[in-house]
Amino acid sequence: MTQKILDTCEMILTSLNEGRMLSISKWSLDRPQLPLQTNLHDCGVFMLKFMECWDGKLTENFSQDDMVFFRKKIQEDLVLFSKNNAKKDTSTKYGILFFTNRYY
């Protein structure tokens, strides 16, 4: 990392730590083996899946081949969300089919 990035990160972390100085320059850098995106349009799906599967290490293996399923799962989760008052209209209007039996 450049010194400017380090200084900026330390300034932000210090301000979030109630003014107590935090130095990241001595932190170790961990570069875990992660699945790679092989196209230009699945970055958001990869990011969401990384967030779902990360607890300090990747808890589930996945690949580019799984993205179609994950996109469908995200769609299902959003449409079937308990506070989605339009789920019946949305699923009927767009002909959404679900993987689970959580419908209504």
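Structural data are supplied above this passage.
Residues numbered from 1 in each chain as written. Predicted model: local features only at pLDDT ≥ 70, side-chain atom pairs only at ≥ 80, totals over all residues. Heavy atoms only, no water.

(A) View of the environment of Leu36. The topology assignment puts Leu36 in the loop between helix 1 (3–16) and helix 2 (43–53). We classify Leu36 as exposed; its relative accessible area is 67%. In the structure, Leu36 is positioned 26 residues away from Phe62 in sequence and 9.4 Å away in space, judged by C-alpha atoms. Not counting the four nearest positions on each side in its chain, Leu36 is found in contact with Phe46 and Gln64. (Helix = DSSP H or I, 4+ residues; strand = E, 2+ residues; numbered from the N terminus. Buried < 20%, exposed > 50% of the residue type's maximum accessible area, 1.4 Å probe, protein only. Contact = heavy atoms within 4.5 Å.)

(B) A look at helix 1. Between its terminal C-alpha atoms helix 1 stretches 20 Å, which fits the 20 Å expected from 14 residues at 1.5 Å a residue. Every buried residue of helix 1 is accounted for by Leu6, Glu10 and Thr14. When helix 1 is viewed along its axis, its buried side chains cluster within an angular range of 65° and face the same direction. Facing away from the buried side of helix 1 by over 90 degrees, the exposed positions are Lys4, Met11, Ser15 and Leu16. Once helix 1 finishes, Glu18 follows within two positions and takes phi at roughly 55°, a positive value. (Expected span 1.5 Å × (residues − 1). Arc of directions from axis to C-beta.)

(C) Here's a closer look at the nonpolar core. Counting seven residues, the largest nonpolar core is built from Val45, Phe46, Cys53, Leu58, Phe62, Met67 and Phe70. Within the residue set of this core, elements represented by two or more residues are helix 2 and helix 3 (67–79). At three residues, helix 2 tops the list of elements feeding residues into this core. Look past the residues within four positions of Phe46 in its chain and what remains in contact with it is Pro35, Leu36, Gln37, Phe62, Ser63, Gln64 and Met67. (Core = buried A, V, L, I, M, F, W, Y, C linked by side-chain atoms within 4.5 Å.)

(D) Structural context of the packing of aromatic side chains. If you walk through the whole model with that rule in mind, you get five aromatic pairs. Taking the centre distance of 5.4 Å and the plane angle of 50° together, the rings of Phe50 and Phe62 count as tilted. Placement of the pair is Phe50 in helix 2 and Phe62 in the loop between helix 2 and helix 3, with a sequence separation of twelve residues. With centroids separated by 5.8 Å and ring planes inclined at 85°, the aromatic side chains of Phe62 and Phe70 adopt a geometry described as edge-to-face. Assessed through its relative accessible area of 8%, Phe70 is described here as buried. Three or more aromatic residues joined by ring pairs form one cluster here, namely Phe46, Phe50, Phe62, Phe69 and Phe70. (Phe/Tyr/Trp six-rings, centres within 6.5 Å; stacked < 30°, edge-to-face > 60°.)

(E) Spatial organisation of the pattern of salt bridges. As enumerated under the stated definition, the model contains five salt bridges in all. The partner of Arg20 in a salt bridge is Glu18, with the nearest N and O atoms 3.7 Å apart. The salt bridge partner of Asp77 is Lys73, with a shortest N-O separation of 2.9 Å. Within this pair, Asp77 and its partner Lys73 are both found in helix 3, separated by four residues, close to a single helical turn. Residue class for Lys73 comes out partly exposed when judged on its relative accessible area of 29%. Through salt bridges with shared partners, one network takes in Lys49, Glu52 and Glu60. (Salt bridge = Lys/Arg side-chain N within 4 Å of Asp/Glu carboxyl O.)

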